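Working through the structure, step by step
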Amino acid sequence: MDALCDEHPELFDWCDTLYDLYQRKLWHELTFFLQRFFRFG
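Below is a short write-up of the structure. (Residues numbered from 1 in each chain as written. Predicted model: local features only at pLDDT ≥ 70, side-chain atom pairs only at ≥ 80, totals over all residues. Heavy atoms only, no water.)

1. A word on the nonpolar core
In this structure, Cys5, Trp14, Cys15, Leu18, Leu21, Leu30 and Phe33 together form the largest nonpolar core, which totals seven residues. Contributing elements (two or more residues each) for this core: α2 (12–23) and α3 (27–40). Per-element accounting of this core gives the leading share, four residues, to α2. Leaving out residues up to four positions away in the same chain, Leu21 has contacts with Leu26, Glu29, Leu30 and Phe33. (Core = buried A, V, L, I, M, F, W, Y, C linked by side-chain atoms within 4.5 Å. Buried < 20%, exposed > 50% of the residue type's maximum accessible area, 1.4 Å probe, protein only. Helix = DSSP H or I, 4+ residues; strand = E, 2+ residues; numbered from the N terminus. Contact = heavy atoms within 4.5 Å.)

This is the structure we're talking about:
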């Protein structure tokens, strides 16, 4: 994931949120975040 953020700095906020949700084990919120990103991204 670090490589993705390093190669695409415009995705920093997305990577930061994704990493935070994953580390805090907020699975429902993480799923919702990914669905929203891929549906509207």
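2. Description of the packing of aromatic side chains
Applying the stated criterion across every chain, the model contains four aromatic pairs. Considering the side-chain rings of Trp14 and Phe37, the 4.6 Å spacing of their centres and the 35 degrees angle between planes classify their relative orientation as tilted. With a gap of 23 residues between them, Trp14 in helix α2 and Phe37 in helix α3 connect regions that are remote in the sequence. Trp14 gets classed as buried once you look at its relative accessible area, which sits at 14%. For Phe37, a relative accessible area of 28% corresponds to the partly exposed category. Relative to Trp27, the ring of Tyr22 lies with its centre 5.7 Å away and its plane at 70 degrees, an arrangement referred to as edge-to-face. Note on Tyr22: relative accessible area 48%, which makes it partly exposed. Given a relative accessible area of 44%, Trp27 falls into the partly exposed group. Aromatic rings pair up to connect Trp14, Phe33, Phe37 and Phe38 into one cluster. (Phe/Tyr/Trp six-rings, centres within 6.5 Å; stacked < 30°, edge-to-face > 60°.)

Keep in mind these values describe shape, not function.
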